[in-house]
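# Results of the structural survey
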Amino acid sequence: MQVITTCAEMTALCRETPRPLGLVPTMGALHEGHLSLTQQARADNATMAASIFVNPTQFGANEDFSTYPRSMERDLELLSAQGTDLVFAPLPDEVYPDGFDTWIEPGAVAEGMEGAARPGHFRGVATVVAKLFTITWPDRAYFGQKDGQQVAVIRKMNADLNLGVDVVTMPTIREPDGLALSSRNAYLTPEQRAAAPVVYRALRAAESLWHTGERNANRLQAAALAVLQAEPQISAVDYVSIVDAATMAPLNVLDERPAMIATAARLGSVRLIDNVVLL
Ligand code: AMP
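The sections below set out a description of the structure shown in this document. Nothing here was measured: the structure is a model prediction, and the numbers come from that model.

### Comments concerning unusual backbone geometry
Among all residues save glycine, negative phi is the norm, and among peptide bonds the norm is trans. Along the chain, Arg19 connects to Pro20 via a cis peptide bond; the corresponding omega equals 0°. Locating Pro20 in the fold gives a position in the loop between α1 (7-16) and β2 (21-26). Of note in this structure, Trp137 is not a glycine but carries a positive phi near 40°. Relative to the assigned elements, Trp137 resides in the loop between α6 (121-136) and β5 (140-144). Classification of Trp137 by relative accessible area gives partly exposed; the value is 42%. Positive phi values are uncommon outside glycine, yet Asn162 reaches one of about 50°. Tracing the backbone through its elements, the reader meets Asn162 in the loop between α7 (148-160) and β6 (166-170).

Here is the structure:
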């Protein structure tokens, strides 16, 4: 496994490496969710590359960029054990040198939910993923359904800009009690951790109602919200949204198109997101 810190060296290695090349972008602090992506990428491709980059431009001014968990040594051990060929781990100045001033601005797909709650977030995500794509030109890139709107933003960018990458979405990996794995789960106090599975339970309540034939988005939303609001550790619900799973457009009535029910909820200062696709 080679660890590369400069864009130029990463591009040079990716040009000569056996194809297909699969890329797994991450911000490190790796867990089983990330490893499900690297496992699939390893199985699908002659070369498997992962990136570890805590991308400053996708964090808001009052967000957790400086305190985001970092564990490079352990991450490299895990990636090595996964059979990773190339790890791209640049410093922020390498990706955003002085004077950097060109951005990818996603449109309507990034307006609601995380886009509304975190202004500028998807501009940062789209810009860094575009750069990772053009630095490495992967045949395939792997993303988790856990960040459902992020997947939609990246798919749209990939299509709109003709980047030609095969974007592969992998299912959300969960703890046995249903909590979606996330690097941010490490911030939870024991009391918050015990309560946190309520986020998935709320989504499942809406899903169960949908399975009984309910197609009214307000009623599905209310079912999820009621579960969240019954948990005292939930200090705020940023949103419970029901959207078209591809475009992220809000739905009033669900039809045959795949829909996604997504939520962001706070337990004290910790903000958790999760979603379920209704197929
Ligand atoms: P991050 O390091 O949080 O930027 O995540 C890197 C990639 O791993 C993204 O594509 C995430 O959607 C994916 N990911 C994070 N958590 C999970 C999970 N619990 N299950 C599946 N994929 C995940």
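### Focus: the sheet that holds strand β8 (residues 259-267)
Read across the sheet, three strands follow the order β7-β8-β9 without closing on themselves; strand pairing throughout is antiparallel. Each end of this open sheet is capped by a strand with a single partner; those strands are β7 (236-244) and β9 (270-278). Between one strand and the next, the sheet's axes are offset by a mean angle of 10°, whatever the strand orientation. As paired strands, β7 and β8 are joined by eight bridges and run antiparallel to one another.

### Looking at the packing of aromatic side chains
According to the stated counting rule, one finds seven aromatic pairs in the structure shown. Plain terms: the ring middles of Phe100 and Trp103 are 5.2 Å apart, the flat faces sit at 90° to each other, and that makes the pair edge-to-face. Look at Phe100 and you get partly exposed, because its relative accessible area is 23%. Here Trp103 falls in the partly exposed class, since its relative accessible area comes to 27%. Linked through ring pairs, Phe53, Tyr96, Phe100 and Trp103 together constitute an aromatic cluster. Cation over ring: Arg70 sits above Phe65, and NZ or CZ is 5.0 Å from the ring centre. The lysine or arginine in question, Arg174, covers the ring of Tyr200, its NZ or CZ lying 3.5 Å from the ring centre.

Cut-offs used in this document
- Residues numbered from 1 in each chain as written.
- Predicted model: local features only at pLDDT ≥ 70, side-chain atom pairs only at ≥ 80, totals over all residues.
- Heavy atoms only, no water.
- Helix = DSSP H or I, 4+ residues; strand = E, 2+ residues; numbered from the N terminus.
- Buried < 20%, exposed > 50% of the residue type's maximum accessible area, 1.4 Å probe, protein only.
- Pairing = 2+ DSSP bridges.
- Axes fitted to C-alpha atoms, helices over the stretch in contact; angles between N-to-C directions.
- Phe/Tyr/Trp six-rings, centres within 6.5 Å; stacked < 30°, edge-to-face > 60°.
- Lys NZ or Arg CZ within 6 Å of the ring centre and 35° of its normal.

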